[in-house]
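Residue-level structure breakdown
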Amino acid sequence: MCSSNRKDAREKRTRKSNQIMKDIAYSLLCNFFAIVHLLVDYLIDVVLKWYWGPRGNRCPSLQRKSIIVTYSAQELAKMIRTKEVTCYEVISAYIDRLNEVNPVINAVIDGPFVEALEEAKAIDDRIQRGLISNDEFAEKPFLGVPFTTKDSTAVKDKLHTLGITARRTVRAKEDAECIRLMKEAGAIIIATTSIPEINRWQETRNNIIGQTNNPYDSRRTVGGSSGGEGALIASCGSAFGLGTDIGGSIRMPAYYCGIYGHKPTSGIVNMRGCSLRTGRETSTMVVAGPMTRYATDLRPIMKTLVGPKTSAALKFDEKTDIKKLRYFYINSSGDLKCSSVHSQLQRAMDRVVNHFQTLSPDGVQKITLKGTEKTSKMWRYWMTQEPASFNNLLGNGKQLSPLVELAKKLTGNSEYTMASVYCLIDSILPPEDADKVKEITRQCDQELTELLGDDGVLFYHSTTHCAPYHYSAFVNVYNFSYWCLWNVLHVPATQVPLGLNSDGLPLGIQVIAGRNRDRHCLAVAEEIERKFNGHIPPFIID
């Protein structure tokens, strides 16, 4: 018996020693990759800073007489309703600003739409004659407010190119459902904005209008795929916008351009007309959602996008007591393919965590989540399960050969950007292990669902760095995984700005909640806006 006990004790010590050795080896591996990433990141910055030059252009300054373009969508709607300003003055001011900033940011595919001014005149006429009742104002909460959307979201009679040259002159036959709903709510569309080809890249660049630039520094990326929206809204060329998000496409540009962006719970916004979707797809990560300069605009836009029935079910009109929510945060995804999170972003996270420590009786708990280190693998697999084929969409209905397109690109004969050819090549690389990815996804989803429940909120980094230089994404491909995890898990996520870093580039954080708890994300975003005044414009006011 004593011999058996000694044997068990030896085996236990051996297992413990082996585990310690494994932990040490893994820690050394992580440190090695972290050092490699730091060296690579430094080299990329040095090379691209030399390539793009010592200084970039900023968004043009704003004349004080045009200050109205800095107001929130709700403020504009109220001012139009109470006759403090005419709808024509608002639309005209935004069109002027759009024309002023677009030469720097290069964000507009189609527009400005001159008929927006005629629509504004018609609204003003009805208001002046007292023909709009209080009931109609209530039914049209955005009456007279200008907005924009990305080119891949259909706007009747406007260009609908999806960023590919084969569709350069194609126009949409009808509005996407989300556009129809915003128009019914009284909003006036004034332009459509640029995207990467078929929305599939971390930068906004196509062969129709070229590269879209960050309004804080034209050498820097705006992200993708709603990059034109992010740049134009931040520059005050639009009051708000609608983006779509399958792997961070709302939140990435929102972060890089210092504005707010909300990725809703999957399935609550009808996707008909977005990237040629029918709206009847049952299994997809893609969603449509708002992009704004003010957190307080997110909720009313979401109410419009989901409709009154779903809005009531999601309790959008029910006030969230943020002191009664439970809070958590994660410091790193643990994905070795990602760069380390920059210290300035860690400090931004700390500011938010410290604030909510004082609000919540239970404080803010630091956690880890099983599977975050495999985010890029999960997203890559689940993209192959999407109903739409990138290859087919890029070929405008015909299947492309990745190797042929690569050969064309290398010989200067391709009609596509390098980013799209890169994505084509990725499609023929060995696939992810489906069974393993499904199990990792299941475990991650279960753990998150149990953690957040009905009243939990998670703070998560936006990515690892502030807006990088153009072309950085070709090397740091996987840093976007901080966004795409929440598409895989189909939960709501709000991108919230947190001022600027020492280089004058936007900082930010993501706010995550459980499925159909979008209102918690939005309430916490409003509290962060109240406390930190997160959006700082990329221009001065003269």
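Everything below is about the structure shown above.
For the rest of this paragraph, the subject is the overall build of the protein. Within the protein, the secondary structure is distributed over 17 helices and 13 strands. Whereas a compact globule of 542 residues would reach a radius of gyration of roughly 24 Å, the protein reaches 24 Å, a difference of no more than 12%. If one aligns the C-alpha atoms of the protein with their principal axes, the spans along those axes are about 100 × 60 × 45 Å. The 542 residues of the protein split such that 57% are buried. Pairs at least 24 apart in sequence give 78% of the contacts found in the protein among residues at least 6 apart. Carbon and sulfur atoms make up 53% of the accessible area of the protein, which totals about 23300 Å². Charged side chains of the protein number 67 positive and 58 negative; the gap between the two group centres comes to 5 Å.

Moving on: helix α9 (residues 298-313). Spanning 16 residues, α9 covers only 17 Å between terminal C-alpha atoms, well under the ideal 22 Å at 1.5 Å per step. The largest bend in α9 comes to about 120°, at Gly307, with the proline Pro308 one to four residues further on. All of the buried residues along α9 are Leu298, Arg299, Pro300, Ile301, Met302, Thr304, Leu305, Val306, Gly307 and Ser311. Positioned one or two residues after α9, Lys315 has a phi angle of 60°, which is positive.

For a regular strand, side chains alternate in direction, first toward one face of the sheet and then toward the other. For strand β3 (residues 188-193), a buried count of six out of six residues is recorded, marking the element as mostly surrounded by other parts of the structure. Inspection of the sheet shows strand β1 (residues 108-110) paired to β3 by two bridges, in the antiparallel sense. Looking across to β3, one finds that Asp110 is bridged to Thr192. Across five bridges, the pairing between strand β2 (residues 146-150) and β3 is parallel. Within β3, the residue paired with Phe147 across the bridge is Ile189. Between the parallel elements β2 and β3, the chain passes through helix α6 (residues 177-184) in a crossover that is right-handed.

Next up on the list: the sheet that holds β2. The strands making up a sheet associate through hydrogen bonds between their backbones, and the pairing can be parallel or antiparallel. Pairing is mixed across the open sheet formed by eleven strands, whose spatial order is β1-β3-β2-β6-β8-β7-β12-β13-β11-β9-β10. The strands lining the two open edges of the sheet, one partner per strand, are β1 and β10 (364-366). Averaged over all neighbouring strand pairs, the angle between strand axes comes to 30°, with direction disregarded. Here strand β6 (residues 240-245) runs beside strand β8 (residues 287-292); their pairing, made up of six bridges, is antiparallel. Its bridge partner lying in β8, Asp245 is registered against Val287.

Moving on: the nonpolar core. Across soluble globular proteins, you tend to see nonpolar side chains buried next to one another. With 139 residues, the main nonpolar core has Phe240, Phe459, Trp486, Val524 and Ile528 as its most contacted residues. Counting residues per element, this core draws most heavily on helix α3 (residues 87-105), at nine residues. Trp486 has contacts with Arg251, Lys263, Leu369, Leu448, Leu458, Tyr460, Val491, Ala493, Gln510 and Ile512, leaving out every residue within four places of it along the chain. Counting 14 residues, the second largest nonpolar core, distinct from the first, contains Leu162, Ile198, Trp201 and Ala473.

About the thresholds
Residues numbered from 1 in each chain as written. Predicted model: local features only at pLDDT ≥ 70, side-chain atom pairs only at ≥ 80, totals over all residues. Heavy atoms only, no water. Helix = DSSP H or I, 4+ residues; strand = E, 2+ residues; numbered from the N terminus. Rg over C-alpha atoms; globule rule 2.2 N^0.38 Å. Buried < 20%, exposed > 50% of the residue type's maximum accessible area, 1.4 Å probe, protein only. Contact = heavy atoms within 4.5 Å. Areas by Shrake-Rupley, 256 points an atom, 1.4 Å probe, with all protein chains shown as cover. Lys, Arg positive; Asp, Glu negative; His and termini not counted. Charge placed at Lys NZ, Arg CZ, Asp CG, Glu CD. Expected span 1.5 Å × (residues − 1). Bend = angle between axes of the 7 residues up to and from the residue. Pairing = 2+ DSSP bridges. Right-handed = clockwise from strand over helix to strand, strands pointing away. Axes fitted to C-alpha atoms, helices over the stretch in contact; angles between N-to-C directions. Core = buried A, V, L, I, M, F, W, Y, C linked by side-chain atoms within 4.5 Å.

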